[in-house]
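# Observations on chain architecture
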Amino acid sequence: MSTVHDDARGATAPAPPPMMSALPPRLPKSPGLALVLSVFPGLGQIYNGQPAKALTFFFSWVGCIYGAAEISGLPFGLLIPFVYFYNLVDAYRSAALINARALGGLPPEEEDVVESPAWGATLLGLGLVLLLNNLGWLRLEALERYWPAMLIVAGGIFLYRSVVRKKAAEKSASDGSDERLY
Amino acid sequence: MNGSIKVEGVVVGLCLVALGTLWLLSNLGRLEMFPILRTWWPLALVVWGLLELGAFATRRIFESRSGGRR
């Protein structure tokens, strides 16, 4: 291609006009591709550049299948399609959101700053428990009957977060922005 | 944060390196990959949690030194 270009240098043929004006600006992500990739849960999120979300979806999906097979069919089997389709919808919507941000229609995403050590501690604790179980120092099978406690914990988290968010909103409304909590 | 390392990226990279090493060694007949993976996969969660905690700690130290930006 470059030799053709060099040969044509002497001629007065104008360079082909850039197609920028005709085409819309190139978007960073394709929502359709994200959707198709998420047929395998998590893959679309990886394409969107959200690895933490991808892992969460993948492990939720695997966990639901495991729960349906090993613990109890009723809630876990029912959860599989929920997780699966939420994963598809999330991949599509996240890609569309990234595109909207790239076009400047929306404010840029707030950087995912770790505000508390809870996320890291949760991962660490979960990993340690599962590892000890695999090594035979714990017997998690004995806890299978207690799985509904997860629902209670999830409900508690939702309640706590809604209360905290309301308090934070009230606080930021009442005083200045340079409030430090510690 | 400007210029901070993404923890998730490090975790994915480490997982791929570990998986590749195990798979390579098992292809060379040095060890059995799947029993090792079945036992030790939660180690990835442990490392990830430690890295998140480390990122949190360094960020907090950095912020308290620079005097409360944000």
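### Quick look at the overall build of chain B
What chain B contains, in helices and strands, is three helices and zero strands. Starting at the N terminus and ending at the C terminus, chain B contains elements arranged as α-α-α. Out of the 70 residues belonging to chain B, those deemed buried represent 21%.

### Some words on the confidence of the model for chain A
Residue and element names in this part refer to chain A. Averaged over every residue, the pLDDT of chain A is 80; the share at 70 or more is 77%. The least confident element of chain A, judged by mean pLDDT, is helix α1 (residues 2–7) at 46; the most confident is helix α2 (residues 31–37) at 94. Within the model, the stretch residues 1–11 combines pLDDT values under 50 with zero contacts to residues more than four positions away or in other chains. For the stretch residues 177–182, pLDDT sits under 50, and the model shows seven contacts to residues farther than four places along the chain or on other chains.

### Details of the pattern of salt bridges
Residue and element names in this part refer to chain A. Tallied over the full model, the rule gives one salt bridge over all chains. Between Lys53 and Asp90 there is a salt bridge; the shortest N-O distance is 3.0 Å. Note that Lys53 is positioned in helix α4 (residues 51–70) and Asp90 in helix α5 (residues 73–102), a separation of 37 residues in sequence. You can call Asp90 buried: its relative accessible area is 10%.

### Points about a nonpolar patch on the surface
On the surface, A:Leu135, A:Trp137, B:Ile5, B:Val10, B:Leu14, B:Trp40, B:Leu43, B:Val47 and B:Leu51 cluster together into a nonpolar patch covering about 840 Å² of accessible area. Taken together, the elements giving at least two residues each to the nonpolar patch come down to α1 (7–27) and α3 (42–65) of chain B. Element by element, the count of residues in the nonpolar patch is highest for α3(B), at three residues. Along the chain, B:Val47 falls in helix α3. For B:Val47, a relative accessible area of 33% corresponds to the partly exposed category.

### Quick look at the packing of helix α6 (residues 118–134) of chain A against α3(B)
It is the contact of α6(A) with α3(B), at a shortest axis distance of 7 Å, that shows an interaxial angle of 155°. When the interaxial angle is binned, α6(A) and α3(B) end up roughly antiparallel. Helix-helix and strand crossings are classified by hand; for α6(A) and α3(B) the assignment is left-handed. The segment α6(A) lies against α3(B), with A:Trp119, A:Gly120, A:Ala121, A:Leu123, A:Leu124, A:Leu126, A:Gly127, A:Leu128, A:Leu130, A:Leu131 and A:Asn134 engaging B:Pro42, B:Leu43, B:Leu45, B:Val46, B:Trp48, B:Gly49, B:Leu50, B:Glu52 and B:Leu53. Class assignment of the residues belonging to the contact of α6(A) with α3(B) gives a composition of 15 nonpolar, four polar and one charged.

### Comments concerning the side chain of A:Asn99
Relative to the assigned elements, A:Asn99 resides in helix α5. In this structure, A:Asn99 is in contact with A:Leu27, A:Pro28, A:Lys29 and A:Pro31, ignoring residues within four places of it in sequence.

### What to know about the packing of aromatic side chains
All names here are of chain A. One pass over the full model with this rule turns up nine aromatic pairs over all chains. When the centroid spacing of 6.4 Å and the interplanar angle of 50° are considered together, the rings of Phe58 and Trp61 count as tilted. One end of the pair, Phe58, and the other, Trp61, are both in helix α4, three residues apart, so they sit about a helical turn from each other. The exposure class assigned to Phe58 is partly exposed, which follows from its relative accessible area of 26%.

### With respect to α4(A)
Taking 1.5 Å per residue, 20 residues should reach 28 Å; α4(A) reaches 28 Å between its end C-alpha atoms and fits that length. A:Pro51, A:Ala52, A:Ala54, A:Phe57, A:Trp61, A:Cys64 and A:Gly67 are the residues of α4(A) that are buried. As for α4(A), its buried residues are in contact with α3 (43–47) and α5 of chain A together with α1 and α3 of chain B.

### Re the nonpolar core
Listed in full, the seven residues of the largest apolar core are A:Ala52, A:Leu123, B:Val7, B:Val11, B:Leu45, B:Trp48 and B:Ala55. If you list the elements that add at least two residues to this core, you get α1 and α3 of chain B. Among the elements that line this core, the one with the most residues is α3(B), at three residues. Dropping the residues within four chain positions of it, B:Trp48 is found in contact with A:Ala52, A:Leu55, A:Trp119, A:Leu123, B:Val7, B:Glu8 and B:Val11.

### Remarks on the side chain of A:Gln50
Tracing the chain through its elements places A:Gln50 in the loop between α3 and α4. Here A:Gln50 is in contact with A:Gln45, A:Asp90 and A:Ser94, once residues within four sequence places are set aside.

### Topic: the packing of α4(A) against α5(A)
Residue and element names in this part refer to chain A. Two elements in contact, α4 and α5, have axes whose closest approach is 8 Å; the angle formed by their N-to-C orientations is 160°. Relative to α5, α4 is oriented roughly antiparallel. Between α4 and α5 the crossing geometry is left-handed. Together, Lys53, Phe57, Ser60, Trp61, Cys64, Ile65, Gly67 and Ala68 of α4 and Gly73, Phe76, Gly77, Leu79, Ile80, Val83, Tyr84, Tyr86, Asn87, Asp90 and Ser94 of α5 make up the contact between the two elements. Among the residues making up the contact of α4 with α5, the classes are represented as 11 nonpolar, six polar and two charged.

Reading guide: rules and limits
Residues numbered from 1 in each chain as written. Chains lettered and ligands numbered in written order. Predicted model: local features only at pLDDT ≥ 70, side-chain atom pairs only at ≥ 80, totals over all residues. Heavy atoms only, no water. Helix = DSSP H or I, 4+ residues; strand = E, 2+ residues; numbered from the N terminus. Buried < 20%, exposed > 50% of the residue type's maximum accessible area, 1.4 Å probe, protein only. pLDDT = per-residue confidence, 0-100. Contact = heavy atoms within 4.5 Å. Salt bridge = Lys/Arg side-chain N within 4 Å of Asp/Glu carboxyl O. Patch = residues over 30% accessible without salt bridge, like charges linked within 9 Å, V, L, I, M, F, W, Y side chains within 5 Å. Areas by Shrake-Rupley, 256 points an atom, 1.4 Å probe, with all protein chains shown as cover. Axes fitted to C-alpha atoms, helices over the stretch in contact; angles between N-to-C directions. Parallel < 35°, antiparallel > 145°, perpendicular 65-115°, else oblique. Left-handed = near helix turned anticlockwise from the far one by under 90°. Nonpolar A, V, L, I, M, F, W, Y, C, P; charged D, E, K, R; others polar. Phe/Tyr/Trp six-rings, centres within 6.5 Å; stacked < 30°, edge-to-face > 60°. Expected span 1.5 Å × (residues − 1). Core = buried A, V, L, I, M, F, W, Y, C linked by side-chain atoms within 4.5 Å.

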